[in-house]
Amino acid sequence: MFGTYKPEDVEILLKDISGLVIPLPAEERERRIQSGVHYSEMLPLEYEPSPAYLAAYADALERYAPMTAAAVAAVARQIWAEKGKQAVLVSLARAGISIGVLIKRYIALTYQADVKHYTLSIIRDKGIDRNAMDYILSRHLPQQIQFVDGWTGKGAIQNQLNLAMQDYPGVSPGLAVLSDPAHIAEKYGTRDDFLIASSCLNATVSGLLSRTFYRQDIIGRQDFHGAAFYRQWLDQDLTYSFIQAVACHFCLDTPAVFPERPATKTAMEEVDEICRQFCISQRNLVKPGIGEATRVLLRRVPWMVLVASMDDEEHLGHIYQLAKEKDVPLIEYPLVNYRACGLIQRLADN
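Let us look at the structure shown here.

Conventions used here
- Residues numbered from 1 in each chain as written.
- Predicted model: local features only at pLDDT ≥ 70, side-chain atom pairs only at ≥ 80, totals over all residues.
- Heavy atoms only, no water.
- Helix = DSSP H or I, 4+ residues; strand = E, 2+ residues; numbered from the N terminus.
- Phe/Tyr/Trp six-rings, centres within 6.5 Å; stacked < 30°, edge-to-face > 60°.
- 1 Å grid on protein atoms, 1.4 Å probe; cavity = no way out; pocket = protein on both sides within 12 Å on 5 of 7 lines; lining within 4 Å.
- Points joined across faces, edges and corners; volume = space filled by probe spheres on them.
- Nonpolar A, V, L, I, M, F, W, Y, C, P; charged D, E, K, R; others polar.
- Pairing = 2+ DSSP bridges.
- Axes fitted to C-alpha atoms, helices over the stretch in contact; angles between N-to-C directions.
- Buried < 20%, exposed > 50% of the residue type's maximum accessible area, 1.4 Å probe, protein only.
- Right-handed = clockwise from strand over helix to strand, strands pointing away.
- Contact = heavy atoms within 4.5 Å.

### Some thoughts on unusual backbone geometry
- In this model, Ala93 is joined to Arg94 through a cis peptide bond whose omega is 5°.
- Considering the arrangement of structural elements, one finds Arg94 in the loop between β3 (88–92) and α3 (95–111).
- Backbone geometry places Asp327, a non-glycine residue, at a positive phi of 55°.
- When you line up the elements, Asp327 lands in the loop between α9 (313–326) and β13 (330–332).

This is the structure we're talking about:
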């Protein structure tokens, strides 16, 4: 185990690559990605939040912790109804880990059951960590596995899971997420694109772990995919303050009620429409949803951020703050499934 998650909350199936990879600044990393280097072969130099942005995060956490707790409860009930005490949570590192911890805690509180929780890496275009899957399946039945993540963007990870699970008969590729604006998850708390506060930060709300890494000179054939542990930020770790802030709102008697956002077009139809409108040739440069737009601002080179409303401080206050700090234009655009969408700047031809 490495990172700051507690062993009783999650078993981390990742290789510690701390000190083996030098993080790159966003623009250098972006140039390499757009020139053909896979994003998983590098680590980003993580953004150090300003006091103003940390204040926006704290406000978002206070505002949305009850809704996050209600979404956790809704998803946990669906998992319990299908799999019961034999459920095995497999969260997708890293955004899914804290969500898996919360679901595990809700099940323990509500059903007095201690379900197993692992986290592993799945990487777009490279697939799932097969060594981690073999480890889990040597200990549990295929039908017990439930994949967990925080939210859906345009569905790339769900598509990757669908493809990967063709090699694992009996394992459902269906995702359990809190927010499913893409309308693709098997189990979800809500289809509303609401703010899960953990998306506002990087390692400091994810057990001080980096995003996952895969490069063959560092990750051997028998190794799990990698992640770095940022020990130097121990005094800034907010992982368990996030988990506790949400868990303290667990209510056993009140069912979750969410406003549903009916889908008048699919996630990919909306993404393709944005590509046409802004003359973008690659879908990978379009990152829809609050969580994905936040990631663009935190660790990519943003071109602009589309928002459904310029007057939505309640949902988008942290995005407004980040965009201001990084001098990124905010453009009001009639989004249908999402409240925000990040557009990445094209750099490869510059």
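Picking up after the structure, the text goes on.
### A look at the packing of aromatic side chains
- Throughout the structure, instances matching the rule amount to 10 aromatic pairs.
- A ring pair is formed by Trp80 and Tyr111, whose centres lie 4.3 Å apart and whose planes are at 5°; its orientation type is stacked. In this pair, Trp80 sits in helix α2 (residues 51–83) while Tyr111 sits in helix α3, placing the two residues 31 residues apart along the sequence.
- Aromatic side chains Tyr135 and Phe224 sit 6.0 Å apart centroid to centroid with 90° between the ring planes, which places their arrangement in the edge-to-face category.

### Remarks on empty space enclosed by the protein
- Scanning the model with the defined rule gives three cavities of 30 Å³ or more in all.
- Contributing to the lining of the largest cavity are 39 residues, with Ile157, Arg211, Glu292, Arg295 and Arg299 lying nearest its centre.
- Reported here for the second largest cavity is a volume of approximately 110 Å³.
- In terms of lining residues, the second largest cavity is bounded by 13 residues, among which Tyr47, Glu48, Pro49, Thr204 and Trp233 are the most central.
- The class makeup of the residues in the lining of the second largest cavity is eight nonpolar, three polar and two charged.

### Regarding the sheet that holds β13
- Here we have four strands laid out as an open sheet, ordered β11-β14-β12-β13, and mixed in their pairing. Edge positions in the sheet fall to β11 (286–288) and β13, since each has one partner strand and no second. Direction aside, neighbouring strands of the sheet carry axes that sit 25° apart on average.
- Looking at chain direction, β11 and strand β14 (residues 340–344) are connected through three bridges and run antiparallel. Bridging from a neighbouring strand, Lys287 pairs with Gly342 of β14.

### Some words on the pairing of strand β4 (residues 116–120)
- When you tally the buried positions in β4, you get four out of five residues, the bulk of the element.
- The pairing of strand β1 (residues 11–12) with β4 spans two bridges and is classified as parallel. What sits directly across from Glu11, in β4, is Tyr118.
- Looking at chain direction, β3 and β4 are connected through five bridges and run parallel. Note on β4: the bridge partner recorded for Val90 is Tyr118.
- Handedness of the crossover joining β3 and β4 through α3: right-handed.

### Regarding the environment of Arg191
- Relative to the elements of secondary structure, Arg191 occurs in the loop between β9 (187–190) and β10 (226–227).
- Linking Arg191 and Trp151, residues 40 residues apart in sequence, is a C-alpha distance of 9.5 Å.

### A closer look at the side chain of Thr68
- By the secondary structure assignment, Thr68 is in helix α2.
- Thr68 sits in the buried class, given a relative accessible area of 1%.
- Aside from chain neighbours lying at most four places away, what touches Thr68 is Leu178, Phe194, Leu195, Ile196 and Val246.

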